[in-house]
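# An overview of the molecular structure
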Amino acid sequence: MKKNILKNPKNVKFNDLLNLCEKYFGIPRITGSHHIFKMPWKGYPRINIQKDGKMAKPYQVKAVQDAIKKKEVLDYED
């Protein structure tokens, strides 16, 4: 699933992105339509995703891609 998201962020179903985020970042805090994931590093690390119909918003998919890459690097360094 991760490869599909990295391949085409404009064509990602919201539920697929949500499942991927839960796998990497745990259970989100939900406020209205926003699913907010706290990142495991310092600063103001939050990923906020929400539906655009049945799809995820492309800029939010990009933010998730970047966060996953950063998490993988940090996990590798530990």
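The structure displayed is predicted, hence computed values, not measured ones.

The next point concerns the nonpolar core. The nonpolar side chains of a soluble globular protein tend to be buried, and buried together. Membership of the largest hydrophobic core comes to 19 residues, with the highest contact counts inside it found for Leu17, Phe25, Phe37 and Ile49. Take this core: its biggest share by element is 7 residues, from helix H2 (residues 14-25). Ignoring sequence-local partners within four residues, the contact set of Ile49 consists of Phe14, Leu17, Leu18, Cys21, Ser33, His34, His35, Phe37, Gln60 and Val64.

The subject of this paragraph is the pairing of strand S2 (residues 34-38). Looking at chain direction, strand S1 (residues 29-31) and S2 are connected through 3 bridges and run antiparallel. Its bridge partner being in S2, Arg29 is matched across the sheet by Ile36. In textbook terms, the turn of a hairpin is the stretch between consecutive antiparallel strands, and for S1 and S2 this stretch comprises 2 residues, one of which, Gly32, has a positive phi near 65°. By the bridge criterion, 4 bridges tie S2 to strand S3 (residues 46-49) in an arrangement that is antiparallel. Residue pairing across strands places Lys38 opposite Arg46, the latter belonging to S3.

Analysis parameters
- Residues numbered from 1 in each chain as written.
- Predicted model: local features only at pLDDT ≥ 70, side-chain atom pairs only at ≥ 80, totals over all residues.
- Heavy atoms only, no water.
- Core = buried A, V, L, I, M, F, W, Y, C linked by side-chain atoms within 4.5 Å.
- Buried < 20%, exposed > 50% of the residue type's maximum accessible area, 1.4 Å probe, protein only.
- Helix = DSSP H or I, 4+ residues; strand = E, 2+ residues; numbered from the N terminus.
- Contact = heavy atoms within 4.5 Å.
- Pairing = 2+ DSSP bridges.

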